[in-house]
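Topology and contacts: notes
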Amino acid sequence: MRTAMSDLLDFDVPFFAFSHCRDVVAAVTNAGGVGVLGAVAHTAEDLEIDMKWVENEIGPGATYGVDLLMPSKFTGAKQGGLSREELRAQIPEEHRAFMDGLLDRYGIPPLLDVPREQRVKRAGLQVDPKSMTPLLDIAFAHDIKVIVSGLGSPPAEVIERAHAAGVVVGAQAGTVEHARRHKEAGVDFVIAQGTEAGGHTGDITTMVLVPQVVDAVAPLPVLAAGGIANGRQVAASLALGAAGVWCGSVWLGTEEGESTPAERERFIAARSQDTTRSRSFTGKPCRVLKSAWTEAWEQEDAPQPLPMPLQSMLVDRSRRRVQRVAHKKDSRAPELLSPFIGQIVGQITSIKPTRRVMTEMMEEMAEAIARLDDIMSED
Ligand SMILES: Cc1cc2nc3c(=O)[nH]c(=O)nc-3n(C[C@H](O)[C@H](O)[C@H](O)COP(=O)(O)O)c2cc1C
């Protein structure tokens, strides 16, 4: 397929896959699309390992990329980022007590009390320039072809560095204003992401947002995102003027995806109306499956979610506490599970290999386009 994205990147089909999971990234690139590794919470060591692994799987020169979050508003922005200790000190006791109280009510056992210095190293969300730099250094030392900011316009230094390395830069937009800002910042393409999407998302639908963004940033190519998980939705995106699609949720229903067995069960059972947007995970609105957790944070007695990255620091251990016992018989942990996923969750009916998802999407897209052609033909 040739679209406006083909002038920027080499691929067979303009299907971009966002995933935190290296296996999905490699499988999508190997199936002719473009895998993009979500690295915002990778430690530098893990990112190095994952990128080496992906490059080994996809072979030299194949198209893949890295995604980071580059928001302009976060705690410590003025100082260019704060240390984990400085951030931790800003989490109010009231918030900690609320989280512990919720988990205690559901009988979720605490994590083992391992001293902080002996715990497995976790990066948390690295959204400030200081903590992002090692990740950028690793990304640019590898053979990536594309880098994307999932939140905010990429800073000028990142764009300059990418262009000097021949790397194409994209950014996600939930409004026309975001998209215009990205274009002014100098990105090469924009991802117009509708509210249907899993993860951080705005409140405008993909159907309404994509054509507006296409017009606002022309001639920059636009990928459509949010609510795209089958070939008819891809064909519709192309009809809206998109030069390809960017999907995240659909890979959570794949064999290679990172979801736990308990989460997969929830996905298969869930309907599209079972998602909600909640600020209780990262401080910014995120689409997740509804649960007792999201409901508790909506109650009047709940504290206001903290700004990024404090809220994710607050809930990180609680989420792991829940996940650790979610598979246990008689545990009430599944009631608190709220994995990030978009409204396409209602389309996930079984767990499939990533390559099969790609093939089905391609075939269905071709059928949909042929059907539209038939509608227009005179005979
Ligand atoms: C589990 C999950 C985690 C996500 N995390 C990020 C992220 O770290 N960075 C980012 O740019 N987008 C992230 N997203 C959003 C995706 O990049 C993408 O825009 C979105 O999934 C597209 O809509 P869809 O979920 O309907 O396919 C995430 C999405 C999901 C489902």
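Analysis parameters
Residues numbered from 1 in each chain as written. Predicted model: local features only at pLDDT ≥ 70, side-chain atom pairs only at ≥ 80, totals over all residues. Heavy atoms only, no water. Helix = DSSP H or I, 4+ residues; strand = E, 2+ residues; numbered from the N terminus. Salt bridge = Lys/Arg side-chain N within 4 Å of Asp/Glu carboxyl O. Core = buried A, V, L, I, M, F, W, Y, C linked by side-chain atoms within 4.5 Å. Buried < 20%, exposed > 50% of the residue type's maximum accessible area, 1.4 Å probe, protein only. Domains from an automatic or database assignment. Contact = heavy atoms within 4.5 Å. Buried area = accessible area lost by both parts, 1.4 Å probe. Polar contact = N/O pair within 3.5 Å; in protein donor to acceptor, adjacent residues only side chain to side chain. Nonpolar A, V, L, I, M, F, W, Y, C, P; charged D, E, K, R; others polar.

1. Observations regarding the environment of C286
With respect to the helices and strands, C286 occurs in strand β11 (residues 286-289). Expressed as a C-alpha distance, the spacing of C286 and D188, which sit 98 residues apart in the sequence, is 26 Å.

2. Describing the pattern of salt bridges
Taken as a whole and assessed by the stated rule, the structure comprises 14 salt bridges. The closest approach of N and O atoms between E360 and K352, which form a salt bridge, is 2.7 Å. In this structure, R356 and E360 form a salt bridge, with 3.1 Å as the shortest nitrogen-oxygen distance. Here E360 and R356 lie together in helix α13 (residues 354-376), a separation of 4 residues that amounts to about one turn. It is possible to trace a salt-bridge network through shared partners that takes in D100, D104 and R321.

3. Section: the nonpolar core
Ranked by internal contacts, the top residues of the largest apolar core, which has 70 residues, are M51, I144, V213 and W251. The biggest single contributor to this core is helix α5 (residues 129-141), with 6 residues. Counting contributing residues, this core receives three or more from each of domain 1 (4-75 + 124-253 + 357-373) and domain 2 (84-115 + 258-336). Beyond its immediate chain neighbours, meaning those up to four positions away, M51 contacts L37, Y64, V66, I138, A139, H142 and I144.

4. Quick notes on the domain arrangement of the protein
By the assigned domains, the protein splits into domain 1 (4-75 + 124-253 + 357-373) and domain 2 (84-115 + 258-336). Here the C-alpha centre of domain 2 lies 27 Å away from the C-alpha centre of domain 1. Taken together, the contact between domain 1 and domain 2 spans 22 residues of the former and 17 residues of the latter. For the domain 1 and domain 2 pair, buried surface summed over both sides reaches about 1500 Å², with 54% attributable to carbon and sulfur atoms. Counting across the interface, domain 1 meets domain 2 through 0 salt bridges. Seen at the junction of domain 1 and domain 2, the total is 10 residue pairs in polar contact (both at pLDDT 80 or more). Residues belonging to the side of domain 1 that touches domain 2 are distributed by class as follows: 9 nonpolar, 10 polar and 3 charged.

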